Amino acid sequence: KTVTLYGWVQRRRDHGGVIFVDLRDRTGLVQVVFNPQTAPEAHALADQLRNEYVMAIEGVVHARPEGQENPNLPTGAIEVFARALTILNPSKPTPFPIGDEAVDEVLRLTYRYLDLRSPQLQQAIIKRHEVTRAVREYLSNQGFLEIETPVLCKSTPEGARDYVVPSRVHPGEFFALPQSPQIFKQILMVAGFDRYFQIARCFRDEDLRADRQPEFTQIDIETSFLSQEEIMNLNEEMIAQLLERFAGAEIVRPVHRLTYADAMDRYGSDKPDTRFGMELINVSDALSSSGFKVFAEAIAGGGQVKALCVPKGAEMSRAQIDALGEFAKKFGAKGLAWVKVGEPAEASDNSKTVSYDIGDTPVTASFASTVMKFISAQEAADIGAKTGARPGDLLLFAADRKSVVAEVLGRLRLKLGHELGMINPKAYNLVWVVDFPMFEWNEDEKRWDSLHHPFTSPLDEDIDLLQTSPGEARAKAYDLVLNGTELGGGSVRIFQRDVQNKVFQLLGLTDEEIQDKFGFMLEAFEYGAPPHGGIAFGLDRTVALITGADTIRDVIAFPKTASGGDPLTGAPAPITPEQ
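Residues numbered from 1 in each chain as written. Predicted model: local features only at pLDDT ≥ 70, side-chain atom pairs only at ≥ 80, totals over all residues. Heavy atoms only, no water.

J.: Could you give me a rundown of the overall build of the protein chain, with the residues and numbers involved?
T.: Per the secondary structure count, the protein chain includes 15 helices and 23 strands. Counting only C-alpha atoms, the protein chain reaches 95 × 75 × 50 Å along its principal axes. The buried share of the protein chain, taken over its 579 residues, is 47%. A fraction of 66% describes how many contacts in the protein chain between residues 6 or more apart in sequence connect residues 24 or more apart. Per element, the accessible surface of the protein chain, about 28,800 Å² overall, is 51% carbon and sulfur. (Helix = DSSP H or I, 4+ residues; strand = E, 2+ residues; numbered from the N terminus. Buried < 20%, exposed > 50% of the residue type's maximum accessible area, 1.4 Å probe, protein only. Contact = heavy atoms within 4.5 Å. Areas by Shrake-Rupley, 256 points an atom, 1.4 Å probe, with all protein chains shown as cover.)

Right, here's the structure in full:
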């Protein structure tokens, strides 16, 4: 068949007169042959071709000679014999090889149009399109309407800084770019659009990390009249289908539910990675009267002692264990106690041989460490039974306030899980975390902050706690977590003005501030607001996890740097006095 093809020169090779060119576009590569005998003019012009030249050819498709097929290329069974060649545009030598991921990131972002020519990034952007289209199809089939909400909004506190836009026609007054469409989507529920979604652009002026950008995209969803369980079921099915279709995962439904309290207790995180065990074990009961001062004082002060049992960790050197202690100090630990569990040995000041049962299995082991001189044999046996420690394991202990213990051991658990190869990189473990606290105490400002946002409804049985014990009130909030990363978070919303007022007041807002910032929303609640709830998923983050990208920058066409700048255009930049 005669074809006309357009694209870029990936590579040019001259084999004794016959020139071979790998022609590339976003659909892939094809080999083009320029033969001086059959197409002398095209061959002469092909001698000028260099990498990244833009070209058009007319030619005939042939099967490659037997034995010369390329099984690694989708077009590897054929080649195109060129009859005519047009050089549409030459290219300067590129500042880095296309597709070289080792190039400095700022240089790659400065020439992002070249970086985006790499097959890896092109496939990531294509996959993003496919995921977005699948989301639209799923939600549309579920009766949702895609509705746009404003980008120029009123500034309202949502936990991060707003980007603000001065108004020319209202001097001294400002719009804010939306951190999320939260208020507008709730107002859409009041308006009767009971199933809404939007692929929404959002803006937050906050410090960047691998999974943060100043502008990002949400799959934003809101529904009326559905229970929390119905909202969760509808959304977990969407995410499960995406993972099965695009990542080849096998997702068991219903997705496991884990309360916030259990997640923090067992994993030290409200974003638990459940692909491996090694959970945090509370050993406070076994050590409540310990002779080890650090443990005893932590427990007496209302804190706790927890342990990690590291399988075969006793093989670690003292230097490796000391390095773990330094790591723990970065997250608030004053130190890290440890015990090596070994085969029974002769007792000494620093070791004790103890017996205990793990389930129905009796175990006898030696506990060795400098802390053992302060821990009795009975305490050691109780610790062994609680942690399930066997000879060859390493026990790591943190003793402090509950929040510090969770942070330290949660971080250590993830670090060791990765370093010891305990995590299956091909596994996709989804888990819902539910029953979050409504509020967290802001020690600096001596007031309560919303853990999620101030529009989240308390559990029915906890409404009275808003007045008596706000710190104990739980929320109808739910986060969907994949492999230790929060994909999205949502909640059942407050839809009654009096309850919403109570929450605003608890957060320290005066009546005047409430009216100024949220008066329009509260008034809407007085005109027949339905019960409603929703969720928002990070589209960038979801696509990054599906594609295995290291950062969300690899699935965004034009991301910002870690400092929030754009090397391609030079933004942000000064503007003229006239502007």
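Read on for the rest.
J.: Let's hear about the state of the cysteines: which residues, and what values?
T.: Applying the stated criterion across every chain yields a total of 0 disulfides. Counting only cysteine sulfurs, cysteine 202 is the nearest neighbor of cysteine 153, a cysteine outside any disulfide, at a range of 9.7 Å. (Disulfide = S-S within 2.5 Å.)

J.: Outline unusual backbone geometry, supporting the account with residue identities and numerical values.
T.: Most peptide bonds adopt trans geometry, and most residues besides glycine take a negative phi value. The omega torsion across arginine 253 and proline 254 is -5 degrees, close enough to zero to call that bond cis. Mapped onto the elements of the fold, proline 254 is located in the loop between α6 (228-247) and β11 (256-259). Residues alanine 571 and proline 572 are joined by a peptide bond in cis, for which omega reads -5 degrees. Here proline 572 shows up in the segment after α15 (539-547). Non-glycine residue aspartate 435 carries a positive phi angle of around 60 degrees. By secondary structure assignment, the location of aspartate 435 is in the loop between β18 (430-434) and β19 (439-442).

J.: Any details on the sheet that holds strand β17 (residues 394-400)? Residues and values, ideally.
T.: Ordered in space as β12-β13-β17-β14-β16-β15, the 6 strands form an open sheet in which the pairing is antiparallel. Looking at strand neighbours, the two that pair on one side only are β12 (281-282) and β15 (351-358), the edges of this open sheet. Examined bridge by bridge, strand β14 (residues 337-342) and strand β16 (residues 361-368) share 3 bridges and lie antiparallel to one another. Opposite valine 341, over in β16, you have phenylalanine 367 as the bridge partner. (Pairing = 2+ DSSP bridges.)

J.: Lay out the sheet that holds strand β3 (residues 28-34) in plain terms, naming residues and giving numbers.
T.: Spatially, β1-β2-β3-β5-β4 is the arrangement adopted by the 5 strands of the closed barrel, whose pairing is mixed. For this sheet, the mean angle separating the axes of adjacent strands, direction not counted, is 55 degrees. Alignment of strand β2 (residues 18-25) against β3, held across 7 bridges, turns out to be antiparallel. Paired with phenylalanine 20 across the bridge in β3 is valine 33. (Axes fitted to C-alpha atoms, helices over the stretch in contact; angles between N-to-C directions.)

J.: If you had to explain the packing of aromatic side chains to someone new, which residues and values would you point to?
T.: By the definition in use, this model includes 13 aromatic pairs. Plain terms: the ring middles of phenylalanine 439 and tryptophan 448 are 6.3 Å apart, the flat faces sit at 50 degrees to each other, and that makes the pair tilted. The cationic tip of arginine 413 hangs over the ring face of phenylalanine 276; the distance from NZ or CZ to the ring centre is 3.9 Å. Sitting above the plane of the phenylalanine 327 ring, lysine 415 keeps its charged end 4.9 Å from the centroid. (Phe/Tyr/Trp six-rings, centres within 6.5 Å; stacked < 30°, edge-to-face > 60°. Lys NZ or Arg CZ within 6 Å of the ring centre and 35° of its normal.)

J.: Just give me the short version of the pattern of salt bridges, but keep the residues and values in it.
T.: Tallied over the entire structure, the rule returns 38 salt bridges. Notably, a salt bridge pairs glutamate 52 with arginine 24, separated by 2.9 Å at the nearest N-O pair. Of this pair, glutamate 52 sits in the loop between α1 (40-46) and β4 (54-63) while arginine 24 is found in strand β2, placing the two residues 28 residues apart along the sequence. One salt-bridge network, held together by shared partners, links Lys185, Asp220, Glu222 and Arg493. (Salt bridge = Lys/Arg side-chain N within 4 Å of Asp/Glu carboxyl O.)

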